[in-house]
Number of protein chains: 2
Amino acid sequence: MLRSRIVILKASVLFVLISLSFSSFGATDPLPSWNEGPIKQRLITFVQTVTGSANPNYVKPEDRIATFDNDGTLWLEQPLYTQFLFAIDELKIKVKQHPALLKNPAIKALLSGNQAALAHVKQKDLMQVIEVTHAGMSIDQYHAAVKKWLETTTNKRFNKPYTALIYQPMLEVLAYLRDNHFQIYIVSGGGQEFIRVFAPTIYQVDVSHVIGTAMTTSYAYQHNQPVLIKSPKLLFVDDHAGKPEAINLFIGKKPIIAFGNSDGDKEMLEWTQSSNGNHMMLLVHHDDAEREYAYGPNSKVGTFSNALMQEAAQQKWDVISMKHDWKTIFPN
Amino acid sequence: MLRSRIVILKASVLFVLISLSFSSFGATDPLPSWNEGPIKQRLITFVQTVTGSANPNYVKPEDRIATFDNDGTLWLEQPLYTQFLFAIDELKIKVKQHPALLKNPAIKALLSGNQAALAHVKQKDLMQVIEVTHAGMSIDQYHAAVKKWLETTTNKRFNKPYTALIYQPMLEVLAYLRDNHFQIYIVSGGGQEFIRVFAPTIYQVDVSHVIGTAMTTSYAYQHNQPVLIKSPKLLFVDDHAGKPEAINLFIGKKPIIAFGNSDGDKEMLEWTQSSNGNHMMLLVHHDDAEREYAYGPNSKVGTFSNALMQEAAQQKWDVISMKHDWKTIFPN
């Protein structure tokens, strides 16, 4: 009798220990690279709320729309957008082939190597460069060029390829939401076809869930096979108001959780906030000069203006401090 | 001993009977409204091939892209596209409010009720009407107008709402592919936001998987809430070459199976045919005047030209005869 009581007691203690370890300790912490704090806690509570089938705020898997900006939210964007660096390298190749291109002052400026001048190049100008360098290429050829560049280019400061300069804490958020049957989309001002090259591998986000600034394509035949050729014409810019517009075009539903890091994400977060039921809006703040960058509000790349900081405070959007909320920045 | 042999024999017979009933008889026929024949057999073989994990032609679920045209492939399109009928009814309301619109000869022709004249209205003109009737509406308002019209409008010949005039054999194909973890997309020349209103209910296709001709939208604020307003400007026409272009934009992968019914689907089928591995291209041929319609090659709505019929024969695309391949047309 006593013996069986001890067995029951032992079993109970074991059960409690197992429960504890599953609820609050390391082994099953879905966000191990996040420091304990209100943002981590709100993220976990949010996921538990919308996935708890008995919860009045339960959301069906097909409506668990999560949208992520890419540059500065999922991967490095300083001192220049990675796609910009790629475009400059491609431009160098083009200029070697066609030296007359140097007569274009924008192209000349781009190739000057002057960091300050480069930082002032507008997205519109970048798009012109992309037009010069990539129009007439097939989508497949473009993908191959991006893939090759990513495989052969190293970031000097971190001595790593760009595909390794992704944020470990955000990878954990992606995995956590995926495990909880969220529909994860990338919604980026960067080029859709650029991001499609690496999103499946580094983020486990399928190409069909990559929304980005898009060029038109034109259907043609080459060597008796149909191909899609990149045309020198923008279809839409997926930034600022373009983000909710593209979210509607591609998804047709409002996100219930959205992550951004700059002024270009404001409208996406507002759109998310206007969804019914529970929702969560978050901004990554680059305040860690030592481990990554601290841009300040006046950066031309990934601008997080004072106005955005003010709106975040007013709307109770979560501002993630890289310095204080993240234990690590990049994957090991 | 004898007894146990009999038991084994009985069990074997039972097993054989069960196997038979699961492989070729009614209870588990995935396509009961299809007459037995080569197309039904090829469909089943195709699905078994790409889903059989031991098969060298196995395709992962995320790459099992299936695309379906809508008008004339999944639902009725004669004598006029359903969206056209909706637009005319909306135009009537607008003209009552703003009689000056009748000065526009296109609008006058559209409201004449002359079937022959209507059949000659081009998609471009239809788009102009849609611009007149819907620009300035929010997406939500537009959806509400479509929903109301669909709920209150009856097709005279069949005495049914348009949402009931969908093809039962195609519903079975959708369900069969869905059960086999295909990614099903609608790829229609019709309006994306129009189709989104009914696709989830009648086809079990999520709004995020509806690709159609799209107007631009513009992000704005009304009553302190963000809204998307329909703009009077086409973003792209999802027909002919626009289909593979939109498939790339939205999905980024080639379909492995595609269904269409008219010249506007040709490029989508060619694109599907250019995919690696097994693929299947099918065209619904409207040859059943008694139960539905027999358009012939010269119809202005849902044109299935002699040239398309010739290409189908050359490329070995399957041409589905409504008359001979389908036991029933509409759901009971």
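Parameters at a glance
Residues numbered from 1 in each chain as written. Chains lettered and ligands numbered in written order. Predicted model: local features only at pLDDT ≥ 70, side-chain atom pairs only at ≥ 80, totals over all residues. Heavy atoms only, no water. Helix = DSSP H or I, 4+ residues; strand = E, 2+ residues; numbered from the N terminus. Buried < 20%, exposed > 50% of the residue type's maximum accessible area, 1.4 Å probe, protein only. Contact = heavy atoms within 4.5 Å. Areas by Shrake-Rupley, 256 points an atom, 1.4 Å probe, with all protein chains shown as cover. 1 Å grid on protein atoms, 1.4 Å probe; cavity = no way out; pocket = protein on both sides within 12 Å on 5 of 7 lines; lining within 4 Å. Points joined across faces, edges and corners; volume = space filled by probe spheres on them. Nonpolar A, V, L, I, M, F, W, Y, C, P; charged D, E, K, R; others polar. Expected span 1.5 Å × (residues − 1). Arc of directions from axis to C-beta. Salt bridge = Lys/Arg side-chain N within 4 Å of Asp/Glu carboxyl O. Polar contact = N/O pair within 3.5 Å; in protein donor to acceptor, adjacent residues only side chain to side chain. Pairing = 2+ DSSP bridges.

Overview of the overall build of chain A
The number of helices and strands found in chain A is 14 helices and nine strands. Sorting the 332 residues of chain A into buried and exposed places 51% on the buried side. Contacts spanning at least 24 positions in sequence make up 68% of the contacts within chain A whose residues lie at least 6 apart. Only carbon and sulfur atoms are counted for the fraction: they give 56% of the accessible area of chain A, which is about 15600 Å².

Let's talk about the layout of surface pockets
Any empty space left between atoms is shown by rolling a water-sized probe over those atoms. Space inside the largest pocket adds up to approximately 970 Å³. Looking at the largest pocket, it is lined by 31 residues, and the ones nearest its centre are A:Gln183, A:His209, B:Gln183, B:Tyr185 and B:His209. Elements with a contribution of two residues or more to the lining of the largest pocket: strand S4 (183-191) of chain A together with strand S4 (183-191) of chain B. Here the residues of the lining of the largest pocket are counted per class, giving 13 nonpolar, 10 polar and eight charged. Those elements giving two or more residues to the lining of the second largest pocket turn out to be helix H7 (139-152) and strand S6 (225-236) of chain B. Looking at the lining of the second largest pocket residue by residue, the classes come out as 10 nonpolar, 10 polar and seven charged.

A short note on H7(B)
Residue and element names in this part refer to chain B. Taking 1.5 Å per residue, 14 residues should reach 20 Å; H7 reaches 20 Å between its end C-alpha atoms and fits that length. The set of residues buried in H7 consists of Ile 139, Tyr 142, Ala 145, Val 146, Trp 149 and Leu 150. Projected down its long axis, H7 carries its buried residues within an arc of 130°, all on one side. Of the exposed residues in H7, the ones pointing more than 90 degrees away from its buried face are Asp 140, Lys 148, Glu 151 and Thr 152.

Let's talk about the interface of chain A and chain B
The partner chain B presents 33 residues to the 33 residues of chain A that form the contact. Residue A:Asp206 is joined to B:Lys253 by a salt bridge in which the shortest nitrogen-to-oxygen separation is 2.7 Å. Along the contact surface separating chain A from chain B lie 18 residue pairs in polar contact (both at pLDDT 80 or more). Counting only elements with at least two residues in the side of chain A that touches chain B, the list comes to helix H9 (192-196), strand S5 (210-222), strand S6 (225-236), helix H11 (242-250) and helix H12 (266-273) of chain A. Residues belonging to the side of chain A that touches chain B are distributed by class as follows: 17 nonpolar, eight polar and eight charged.

Topic: the pairing of S4(A)
Regular strands show a simple pattern: their side chains alternate between the two faces of the sheet. Residue and element names in this part refer to chain A. Along S4, eight of the nine residues are buried, which leaves the element largely enclosed by surrounding structure. Bridging between strand S1 (residues 65-68) and S4 involves four bridges; their strand directions are parallel. Among the inter-strand pairings, Thr 67 is bridged to a residue of S4, identified as Tyr 185.

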